[in-house]
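# A closer look at the structure
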Amino acid sequence: MVESEEIVRSLKPDFQALRSIPGMRGVIVTSTSQDPRYDFVSRFFAPGVGIDEDPVTGSAHCSLAPFWSERLGKSAMTAFQASKRGGIVRVRVESDRAVLGGKATSVLRGELAA
C-alpha cells in the first residue's frame, strides 16, 4: 500500500529488475482512491511470468478484497485497476471468499477432457 492514488498511477517500474527476483509471481501496488466512485485503486506487475502489467487482474483483487475490507470496514467495494487500459472490479468479501464482478470479454472457450 502506498500513500496516494497519484503514486499508484505514476509508477514506472523497472521490469528488468522485477524479472530478476527469483520466484516472484507479481507485485500489487494499491492505495485508497481519490475518485468517490471507487474505494481503492491498484496496479499489478508480473514481468517474471511474462506480463509486465496486467490490465485488470482478478487474482490480485482476491487478495485486495480482504485487505481493503479490513481497513475500510466494508464488505462490498468498487475498485479501479489503473493500468493503461484500466478496469472496474466490484469486490465483496463473504466469509473466507472474495467475490468479484465486472465486465469481461471472452477471448477463449474450451473444454477439458478427462
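Data block above holds the structure.
One structure accompanies this document, and this report is about it. Along each chain, the written sequence defines residue order, and numbers are assigned to residues from 1. Thresholds applied to this predicted model are a pLDDT of at least 70 for local features of residues and 80 or more for the giving and counting of side-chain atom pairs; totals over whole chains, interfaces and linings are not thresholded and use all residues. Derived side-chain values reflect all non-hydrogen atoms in the structure, with water molecules and hydrogen atoms excluded from consideration.

This brings us to the environment of Ala65. In DSSP terms, a helix is any run of H or I states spanning at least four residues, a strand is any run of E spanning at least two, and both are numbered starting from the N terminus. Secondary-structure assignment places Ala65 in helix H3 (residues 58-72). The exposure class of Ala65 is buried, given its relative accessible area of 0%. In sequence terms Ala65 and Val99 are 34 residues apart; their C-alpha atoms lie 8.4 Å from each other. The contacts of Ala65, once residues within four sequence positions are left out, are Met77, Val91, Val93 and Ala98. Accessible area is worked out with a 1.4 Å probe on protein chains only. A residue is then buried under 20% of its type maximum, exposed over 50%, and partly exposed in between. Working rule for contacts: check all heavy atoms of both residues, and any pair within 4.5 Å makes them a contact.

This next bit is on the environment of Arg25. Positionally, Arg25 belongs in the loop between helix H2 (15-19) and strand E1 (27-32). Between the C-alpha atom of Arg25 and that of Pro55, which follows or precedes it by 30 residues, the distance is 16 Å. In this view, Arg25 contacts Phe44, Phe45, Ala46, Val49 and Ser59; residues no more than four positions away in its chain are not counted. Pairs of N or O atoms within 3.5 Å make up the polar contacts considered here, provided that, within protein, one atom can donate a hydrogen while the other can accept it, and that residues adjacent in sequence are counted only when both atoms are side-chain atoms. Within the structure, Arg25 has its side chain in polar contact with the side chain of Ser59 (distance 3.1 Å).

The next thing to look at is the packing of aromatic side chains. Two descriptors summarise a pair of aromatic rings, namely the distance from one centre to the other and the angle between the planes of the rings. Note on aromatic pairs: the rings of Phe, Tyr and Trp (six-membered ring only in Trp) are paired at centre separations within 6.5 Å, and the planes decide the class, stacked below 30 degrees, edge-to-face beyond 60, tilted for the rest. If you walk through the whole model with that rule in mind, you get 4 aromatic pairs. Judged by centre distance (6.1 Å) and plane angle (50 degrees), the rings of Phe15 and Phe45 are tilted. Note that Phe15 is positioned in helix H2 and Phe45 in strand E2 (residues 40-46), a separation of 30 residues in sequence. Given the relative accessible area of 2%, Phe45 is considered buried. One aromatic cluster is present, formed by Phe40, Phe67 and Trp68 through successive ring pairs.

A few words now on the side chain of His61. Mapped onto the fold, His61 is located in helix H3. Using a relative accessible area of 0% as the deciding quantity, one classes His61 as buried. Contacts of His61, omitting those with residues within four sequence positions, involve Phe40, Ser42, Ala79, Gln81, Val89, Val91 and Leu100.

Burial runs high along E2: 7 of the 7 residues are buried. Burial of E2 is two-sided: the residues Phe40, Ser42, Phe44 and Ala46 facing one way and the residues Val41, Arg43 and Phe45 facing the other way are all buried. Two elements, E1 and E2, share 6 bridges in a ladder whose sense is antiparallel. Among the inter-strand pairings, Val27 is bridged to a residue of E2, identified as Phe45. Of the pairings in the sheet, the one linking E2 to strand E3 (residues 51-54) comprises 3 bridges and is antiparallel in character. Each residue of the ladder has a partner; that of Phe44, found in E3, is Asp54. Whether two strands pair comes down to DSSP finding at least two bridges between them.

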